[in-house]
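Below are the chains, spelled out letter by letter.
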Amino acid sequence: MAVDKSQSHRAGVFKQTNKEHKHGKHRSKGALDDAAKGKVSVKNAVRRQKGDLTRDQRRNQSAQIRQKKREEILAKKRALGGYEASPFLIAVLPLNREFDPTTAITILCQCDEGAIIRKTSTGVTHICLPRFKKRFSFVVPANDNELDVIDTLKVADQVLFLLSAINGTEFIEQIVDQWGKKILKSGLAQGLPTPIVALADLDSVAPKKRADFKLGVQKMVTSWLPKEKLMVLDRNCDGINILRRLGDQKRKTILYRDHRPYVLGEELEYIQDDQGSMGTLKVTGYLKGATLSVNQLVHIPGLGDFQLAQVDAVTDPNNLEKHKCRDANGAEIIKVHVLEVCDPTKQESLDLYMSDAMDVDNDMLPSELHVDTADQNAKAETSKPKPEGWSDYQAAWIPDDDTEFQQDGISESDTESEGEMMDARSEDRSSCADEDSDGDSPTGSEIDVNDDKYDNGMDLNMEQQDLEKLKAAKADLIFPDEIDTPHGVLARDRFRKYRALESFRSSPWDPLENLPNDYSRICQFKNFAHAKKSVFKEDEKKPGAMPGLYLTVHVKNVSQLMWSAFEKTRSPVILSGLFPHEHKMSICNVVLRRTPNYGGAIKSKDRLIFQCGFRRFMVNPIFSQHTNGTKHKFERYFQIDETTVATFYAPVQFPPAPVLCYKEVLGTLVLVATGSLLSCDSTRLIIKRTVLSGHPFKIFKKSAIIRFMFFDRQDIMHFKPCRLVTKMGRRGHIMEPLGTHGHMKCIFDGQLKSQDTVLLNLYKRVFPKWTYEDLIVTCENQPMNMETS
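Of the regular secondary structure elements, the chain holds 19 helices and 33 strands. In the chain, which comprises 789 residues, the share counted as buried stands at 48%. Of the accessible surface of the chain, which amounts to about 42000 Å², a share of 51% is contributed by carbon and sulfur atoms.

This part covers the sheet that holds strand E1 (residues 88-94). Within the open sheet, the 7 strands sit side by side as E2-E3-E4-E1-E5-E6-E7. Their pairing is mixed. Edge positions in the sheet fall to strand E2 (116-119) and strand E7 (231-232), since each of these pairs with one other strand and no more. Where strand E6 (residues 194-200) and E7 come together, 2 bridges link them in parallel fashion. Paired with Leu199 across the two strands is Val232, which belongs to E7. The sheet strands contacting helix H5 (residues 146-155) are E1, strand E4 (134-139) and strand E5 (158-164), and the helix crosses E1 at an angle near 150°. Each of E5, E6 and E7 is contacted by helix H7 (residues 210-224), which is oriented at about 155° to E6, the strand it contacts most.

With that out of the way, let us pick up a nonpolar patch on the surface. The grouping of Leu339, Met546 and Leu549 at the surface amounts to a nonpolar patch, some 240 Å² of accessible area in total. Positionally, Leu339 belongs in strand E14 (residues 336-341).

A word on the packing of aromatic side chains. Aromatic ring pairs are reported here in terms of the distance separating the ring centres and the angle at which the planes meet. All told, the structure shown has 23 aromatic pairs when counted by the stated rule. Residues Phe617 and Tyr772 carry aromatic rings whose centres are separated by 5.2 Å and whose planes lie at 45° to one another, so their mutual orientation is tilted. Pair noted here: Phe617 is in strand E20 (residues 615-619) and Tyr772 is in the loop between strand E31 (758-765) and strand E32 (773-774), with a separation of 155 residues, a long-range link. Residue Phe617 shares its accessibility class with Tyr772, and that shared class is buried. Judged by centre distance (4.8 Å) and plane angle (25°), the rings of Tyr649 and Trp770 are stacked. Placement of Tyr649 in strand E23 (residues 643-651) and of Trp770 in the loop between E31 and E32 is noted, with a sequence separation of 121 residues between them. Given a relative accessible area of 22%, Trp770 falls into the partly exposed group. Taken together, the ring pairs connect Phe525, Phe528, Phe536, Phe579 and Phe654 into an aromatic cluster. The ring centre of Trp770 lies 4.3 Å from the NZ or CZ of Arg521, which sits over that ring.

Right, let's get into the confidence of the model for the chain. Overall, the prediction assigns the chain a mean pLDDT of 80, with 79% of residues at 70 or greater. In the predicted structure, residues 356-362 sits below a pLDDT of 50 and forms 6 contacts with residues beyond four places in sequence or in another chain.

Looking now at the packing of helix H4 (residues 102-110) against helix H8 (residues 236-248). H8 packs onto H4 with a crossing angle of 85° between their chain directions and a minimal axis gap of 8 Å. When the interaxial angle is binned, H4 and H8 end up roughly perpendicular. Within the contact between the two elements, H4 uses Ile107, Leu108 and Gln110 and H8 uses Asn236, Gly239, Ile242 and Leu243. Looking at side-chain class alone, the contact of H4 with H8 contains 4 nonpolar, 3 polar and no charged residues.

Time to look at the pairing of strand E21 (residues 622-625). Relative to E23, E21 runs antiparallel, the two being bridged by 4 bridges. The residue of E23 that forms the bridge with Ser624 is Val645. The turn joining E21 and strand E22 (residues 631-635), which pair antiparallel and follow one another in sequence, is formed by 5 residues.

We now examine unusual backbone geometry. Across the chain, the bulk of peptide bonds are trans and the bulk of non-glycine residues have phi less than zero. In this model, Pro655 is joined to Pro656 through a cis peptide bond whose omega is 5°. If you trace the backbone, Pro656 turns up in the loop between E23 and strand E24 (658-665). You will see that Arg570, though not glycine, has its phi angle at about 55°, which is positive. Among the structural elements, Arg570 can be located in the loop between helix H18 (560-569) and strand E17 (574-577). Within the chain, Asp641 stands out as a residue other than glycine whose phi angle is a positive 60°. Relative to the assigned elements, Asp641 resides in the loop between E22 and E23.

Okay, a positive patch on the surface next. Among the surface-exposed residues, Lys701, Lys702, Arg730 and Lys753 lie close enough to one another that they form a single positively charged patch. Positionally, Lys701 belongs in the loop between strand E26 (685-699) and strand E27 (703-707). Given the relative accessible area of 70%, Lys701 is considered exposed.

Applying the stated rule across the entire model yields 19 salt bridges. Measuring nitrogen to oxygen at the nearest pair gives 3.3 Å for the salt bridge that ties Arg492 to Asp712. Of this pair, Arg492 sits in helix H16 (residues 491-494) while Asp712 sits in the loop between E27 and helix H19 (713-718), and the two are 220 residues apart along the sequence. A residue is classified by how much of its surface remains accessible, and Asp712, at 23% relative accessible area, is partly exposed. Between Arg492 and Asp715 there is a salt bridge, and its shortest N-O distance comes to 2.8 Å. A residue pair is termed long-range when its members are at least 10 positions apart, and Arg492 in helix H16 and Asp715 in helix H19 qualify at 223 residues.

Counting residues in hydrophobic clusters, the biggest one holds 40 residues, and the most contacted among them are Phe525, Val590, Leu592, Phe610, Phe617, Phe648 and Phe654. Of all the secondary structure elements, the ones that give two or more residues to this core are helix H17 (528-541), strand E18 (585-594), strand E19 (608-612), E20, E23, E24 and strand E25 (668-679). Among the elements that line this core, the one with the most residues is E18, at 5 residues. Excluding anything up to four places from it in sequence, Val590 contacts Phe610, Thr644, Val645, Ala646, Phe648, Val659, Ser676, Leu677 and Leu678. Judged by nonpolar contacts, the second largest core, of 37 residues, contains Val149, Val155, Val176 and Phe213.

Time to look at H5. Burial analysis of H5 places 10 of its 10 residues in the buried class, the great majority of the element. Listed in full, the buried residues belonging to H5 are Glu146, Leu147, Asp148, Val149, Ile150, Asp151, Thr152, Leu153, Lys154 and Val155. If you check the start of H5, you find a side-chain oxygen 3.2 Å away from the backbone N of Leu147, and it comes from Asn145.

Turning our attention to the state of the cysteines. Evaluated as defined, the whole model comprises 0 disulfides. With no disulfide partner, Cys109 has as its closest neighbouring cysteine sulfur the one in Cys111, 7.9 Å distant. Judged by relative accessible area, Cys109 falls into the buried class, the value being 16%. We note that Cys523 lacks a disulfide partner, and the nearest cysteine sulfur, in Cys680, lies 8.6 Å from it.

Moving on: the environment of Leu297. Topologically, Leu297 is positioned in the loop between strand E10 (278-288) and strand E11 (298-300). Other than its neighbours up to four places away in sequence, Leu297 contacts Phe306, Gln307, Glu348, Ser349, Leu350, Ser576, Gly577, Leu578 and His583.

Each value, and the rule that gives it
Residues numbered from 1 in each chain as written. Predicted model: local features only at pLDDT ≥ 70, side-chain atom pairs only at ≥ 80, totals over all residues. Heavy atoms only, no water. Helix = DSSP H or I, 4+ residues; strand = E, 2+ residues; numbered from the N terminus. Buried < 20%, exposed > 50% of the residue type's maximum accessible area, 1.4 Å probe, protein only. Areas by Shrake-Rupley, 256 points an atom, 1.4 Å probe, with all protein chains shown as cover. Pairing = 2+ DSSP bridges. Contact = heavy atoms within 4.5 Å. Axes fitted to C-alpha atoms, helices over the stretch in contact; angles between N-to-C directions. Patch = residues over 30% accessible without salt bridge, like charges linked within 9 Å, V, L, I, M, F, W, Y side chains within 5 Å. Salt bridge = Lys/Arg side-chain N within 4 Å of Asp/Glu carboxyl O. Phe/Tyr/Trp six-rings, centres within 6.5 Å; stacked < 30°, edge-to-face > 60°. Lys NZ or Arg CZ within 6 Å of the ring centre and 35° of its normal. pLDDT = per-residue confidence, 0-100. Parallel < 35°, antiparallel > 145°, perpendicular 65-115°, else oblique. Nonpolar A, V, L, I, M, F, W, Y, C, P; charged D, E, K, R; others polar. Lys, Arg positive; Asp, Glu negative; His and termini not counted. Charge placed at Lys NZ, Arg CZ, Asp CG, Glu CD. Core = buried A, V, L, I, M, F, W, Y, C linked by side-chain atoms within 4.5 Å. Polar contact = N/O pair within 3.5 Å; in protein donor to acceptor, adjacent residues only side chain to side chain. Disulfide = S-S within 2.5 Å.

Next up, the structure:
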């Protein structure tokens with residue numbers, strides 16, 4: 001066989017190349033290239049295939065990332081306080097209710113002779129300092145309504161906490177009273193702006209004791225705000241130092257408000273329409289956060305959701321260069337420029353419910369299967385006959401919302417009567433709360449000795465109900481979900497809507513099975529995470545007014561009665577923008593953690609007040625476990641030191657959003673839980689478990705006779721396919737009934753112990769009740785106080 005000499009072996013990239021002997025004669029680069037003949041190093045070939053960067057490329061990439069971050073930080077820093085930006089908005093808040101912050105505002109206004117001072121009709125104090133080329137806006141919320149203080153903290157860029165040493169060195173613990181602690185707890189839970197702590201009236205302390213006194217106050221401040229250093233505010237030089245720090249310090253990022261446009265109303269004007277019952281509210285202030293479009297909806301706490309008529313750009317009256325804002329006679333020149341006028345064809349609708357004619361994104365449409373299932377359920381409830389092919393047991397699974405609600409102890413009439421009783425109690429005890437000069441709760445550190453006055457604020461019926469709830473909550477904690485089988489009712493009838501599962505974790509459960517009628521009206525997302533991402537991306541591209549402008553927002557169709565009642569409350573007007581579909585109703589899930597200040601029992605479907613982001617409303621939520629599985633166990637009580645998920649009907653809201661949960665106790669609001677918004681997922685499976693317990697009567701090697709679980713022979717035959725478990729880990733099933741009084745023979749995977757308990761787990765899906773009520777002001781509403789237990 002002849003050998004083909006035209007073909008020869010060609011070495012690959014992995015060919016080993018040994019180093020040559022160093023003979024002292026070095027080759028040139030051209031000689032090295034001729035020797036390589038186009039071969040590529042193994043390291044370079046693998047790096048190019050994987051897309052790895054070289055050392056110089058990595059250095060260049062790191063430099064570009066640093067430069068981009070530096071530019072973003074500088075842009076955020078220059079977006080506030082400068083010539084062409086909105087001023088720093090600082091909330092001045094004393095941590096003692098008896099301290100008057102007016103003296104602190106006076107020192108800040110008089111600390112610089114060249115400062116330009118201006119006050120608005122709503123109480124906002126503007127300080128322009130040409131010395132620092134900075135502008136500041138100070139707002140002092142009223143201390144008679146803590147909800148207004150919390151609303152002010154939502155829009156403030158920084159907060160100035162004031163402490164007073166007027167009580168002397170012997171009362172350091174009383175510098176921050178109960179009212180100040182409540183504000184700190186609520187502010188930290190919802191996202192506290194960048195804080196500064198200042199101590200006033202230090203001259204009232206003896207000079208020899210000032211150092212130790214400041215050290216004691218600093219330790220107390222560190223327990224709440226670990227990174228804050230105490231400052232002094234007594235003289236003009238102290239005011240200059242505080243203003244310098246306010247203008248130069250790094251500010252925190254609060255995500256839930258930075259994604260949305262929001263305006264604090266500094267000038268308000270209500271123009272009545274020709275009809276008389278409605279009007280247009282003009283809110284003037286600085287726009288912050290994100291871009292505001294005239295076609296999007298806005299929310300005003302206490303008033304509700306509204307559409308906009310137009311947005312005007314107004315000449316900034318707080319400009320440092322005042323000669324540009326005044327004419328020859330010294331009068332201010334106010335110019336108004338119309339930025340945008342609403343387009344009715346592009347405006348968001350105020351409809352709460354979904355309709356087929358709406359043109360929305362596919363990820364936000366209600367699923368057709370959801371609507372069809374809800375319609376079938378409505379027809380089944382009205383006509384009553386079972387669907388074709390269904391057994392009696394399957395037909396019993398069609399939920400009856402009113403029956404379920406009444407079985408759990410609450411009906412619609414009971415809810416309405418309970419709300420009326422709560423309103424009546426709040427009105428009766430409002431006078432008692434106003435008579436307390438210190439404003440502390442009866443359970444605080446100081447308690448009035450007057451027994452008659454203390455008894456006037458008590459309700460024996462409510463005390464008895466709270467005692468029963470505490471007993472039931474303790475029993476549920478010791479024996480979770482266990483109930484006694486009723487004697488007068490057959491078990492197969494009492495638990496006809498329940499089913500048994502082989503495994504709670506892995507057994508299938510269709511989330512679209514037997515949905516209630518309300519699901520046909522709510523906004524349901526096929527993929528909530530994708531919908532949130534697409535909404536945020538589209539919101540960044542929308543046209544509109546840019547943040548930092550001083551503008552006037554025309555809010556149309558505001559009720560005259562509501563506005564007149566809102567003016568009497570003296571609450572701040574905070575206007576926040578809404579994302580698309582955030583006015584539609586849906587199922588909201590929030591993660592909550594109990595606060596240690598409230599030790600009472602909280603039951604599912606109790607009336608609670610939620611503050612979710614910029615919204616505030618009342619609902620009756622149901623609780624479930626916060627787990628990673630597809631099914632979540634229903635919780636009858638919100639136990640102490642536990643984290644749970646509350647589910648209720650509410651308008652759509654995209655996270656992140658902090659959540660504060662309040663409960664009304666004797667006419668006051670108590671903060672009982674804090675958390676955050678989890679999702680708006682209507683497919684969350686909340687499964688209620690009911691456990692039937694039995695006790696061994698006779699125990700054999702692997703079988704036993706169980707009694708007290710059922711009291712009818714037919715019930716045993718009905719639940720025979722169900723699986724049995726014991727508290728000590730044994731598993732088994734029912735073999736046959738014995739006699740006619742509920743004894744049954746069961747077999748297990750091991751011998752039972754005499755102290756063991758046999759359990760039968762039954763499950764059904766539960767849904768929240770439509771009890772949403774927006775907290776808007778009415779002519780009869782009075783501002784509530786917040787107290788801690």
